[in-house]
Amino acid sequence: STSCQTIQAMAREAAAAEPTVSTNTDPAGGSSRDDSDSTVGPADEGGCDSEPASAPALCEFADVETLELLSARLLNTMATRVVQGGLQPSDAMAEVRGLLSEKLSSAKKGPRGLAVLHARLEKLEARRSFGGRFVSNAADKVAGKARELEVRGEYRHGGRQRLALQLVQRYDTTREWHCGCDMEQLGSTERERHLTSCVFRPVGCSHAGCTALFSARYEAAHDGSCEFKVVRCALGCKESLPRRDMEAHVAGPCAMRPAECPFRALGCLAPGLVQGEVASHLEEARDAHLQLAMARLLQQDQELSELRQAMTEMRAAAETTAATSASAAASTIAGLQKKIAALEAGQAAAQAAAKKSAAQAKDTTAALATRLAKLERERG
């Protein structure tokens, strides 16, 4: 594919820029480089797109995802050095390319492989050059500078991928993320066979609609999860469809989706019924469903009759209760009226007695006054 050819060309250019180092024969027939104590020549003064000088001696393939991630990291590192370190883009590029010439430690302990590279990139990002400054909203400004650098020719994706490949070949001494097989030790037939079988060769997904690009060693894993791969229905119907449509299929139109008989509420519990069999089940069980429906209608008629009878009895009871209550109320009212009449009669009698007592008191007072007057006359 075009993507594969691009990566192969990029790898050839990167391999051509590799330093000459000693090699050890690989058990698989290739060779590995002993980079533990080696250095490379001066870094290019230009951008990421330096031209190769010769054909590659080593296999040109490296892990596609690793190159992609490292390429993005390199852009971020350069943008950070420009924004926070006060460097010119060309100087930031020179610093990154300088990592190609840094000596690798031979110590058995401590970070190894690409961990060393990322540690050095992190150290670069944290460095403060002369003229460097504190920058507010640094993350946003670094992201903006990265976008700005990416549109410039020397910092575009392809150029950064070439530099990323050089760094992977330099730091991945255990060949975990790149092949590094010595192609010069292979015959033409073996070379062709290796180019089509190397586990690091870039492979594009073969499923229609998928644009994923990955190393061949991940092909099986990708195939097992690719959302665009056409697979047979998970429930076992005859349909084949892209994996990403499977969830909607098994929840909707799939003929093997578990289903219930529309007459389930009436008592039809047809076991193991699936959506594709509902129509035939309704046809085959038509008489049984009719009997269930008639039985339910009779049951409802009986229940309705019982409800009507209950309502009639409740109405009669309410009327009886009302009549009884009315009679009791009338009796109570009559009793109260009698009590009121008795009270009124007693009140009238009391008033009459009071008047009589008042008249008697008046007569007595007058008699006493007359007698007193007579006594006063006799005394005088």
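Scroll up a little and you will see the structure.
From a predicted model like this one, the values you see are computed outputs, not experimental measurements.

Q: Quick question: what am I supposed to make of the nonpolar core here?
A: One broad rule of soluble globular proteins: the nonpolar side chains tend to lie buried together. Residues Leu70, Leu74, Leu117, Leu167 and Tyr171 are the most contacted members of the largest nonpolar core, which totals 30 residues. The set of elements that each furnish at least two residues to this core consists of helix H2 (64–85), helix H3 (89–97), helix H4 (114–126), helix H5 (138–150) and helix H6 (157–171). Core analysis: the second largest hydrophobic core is formed by eight residues, Cys59, Cys179, Cys181 and Met183 among them.

Q: Hey, could you run me through H6 in this one?
A: Residue pairs three or four apart in sequence face the same way in an α-helix, which turns once every 3.6 residues. For H6, spanning 15 residues, the distance from its first C-alpha to its last is 21 Å, which sits close to the expected 21 Å at 1.5 Å a residue. Of all 15 residues in H6, 13 are buried; the element is thus mostly enclosed.

Q: Hey, could you run me through the packing of H2 against H6 in this one?
A: Between two packed helices, what matters for the description is the angle formed by their axes and the separation of those axes. Remark: H2 packs on H6, axes separated minimally by 8 Å, with the N-to-C direction vectors making an angle of 105 degrees. Of the possible angle classes, the one that applies to H2 and H6 is roughly perpendicular. Of the residues in H6, those in contact with Thr66, Leu67, Glu68, Leu70, Ser71, Ala72, Leu74, Leu75 and Met78 of H2 are His157, Arg160, Gln161, Leu163, Ala164, Leu165, Leu167 and Val168. Here the residues of the contact of H2 with H6 are counted per class, giving eleven nonpolar, four polar and two charged.

Q: What is the right way to look at unusual backbone geometry in this model?
A: Negative phi characterises most residues that are not glycine, and trans characterises most peptide bonds. Even without being a glycine, Arg175 presents a positive backbone phi close to 55 degrees. Looking at where Arg175 falls in the secondary structure, it is placed in the loop between H6 and helix H7 (188–197). Assessed through its relative accessible area of 18%, Arg175 is described here as buried.

Q: Please clarify how the pattern of salt bridges should be interpreted in this entry.
A: Opposite charge on two side chains permits them to pair, given that their charged atoms come into close proximity. Here the structure, examined in full by the defined rule, presents ten salt bridges. For the salt bridge of Glu102 with Arg120, the shortest nitrogen-to-oxygen distance reads 3.3 Å. Of this pair, Glu102 sits in the loop between H3 and H4 while Arg120 sits in helix H4; the two residues are 18 residues apart in sequence, bridging distant segments of the chain. One network of salt bridges, in which partners are shared, links Arg81, Glu95 and Arg127.

Conventions adopted
- Residues numbered from 1 in each chain as written.
- Predicted model: local features only at pLDDT ≥ 70, side-chain atom pairs only at ≥ 80, totals over all residues.
- Heavy atoms only, no water.
- Core = buried A, V, L, I, M, F, W, Y, C linked by side-chain atoms within 4.5 Å.
- Buried < 20%, exposed > 50% of the residue type's maximum accessible area, 1.4 Å probe, protein only.
- Helix = DSSP H or I, 4+ residues; strand = E, 2+ residues; numbered from the N terminus.
- Expected span 1.5 Å × (residues − 1).
- Axes fitted to C-alpha atoms, helices over the stretch in contact; angles between N-to-C directions.
- Parallel < 35°, antiparallel > 145°, perpendicular 65-115°, else oblique.
- Contact = heavy atoms within 4.5 Å.
- Nonpolar A, V, L, I, M, F, W, Y, C, P; charged D, E, K, R; others polar.
- Salt bridge = Lys/Arg side-chain N within 4 Å of Asp/Glu carboxyl O.

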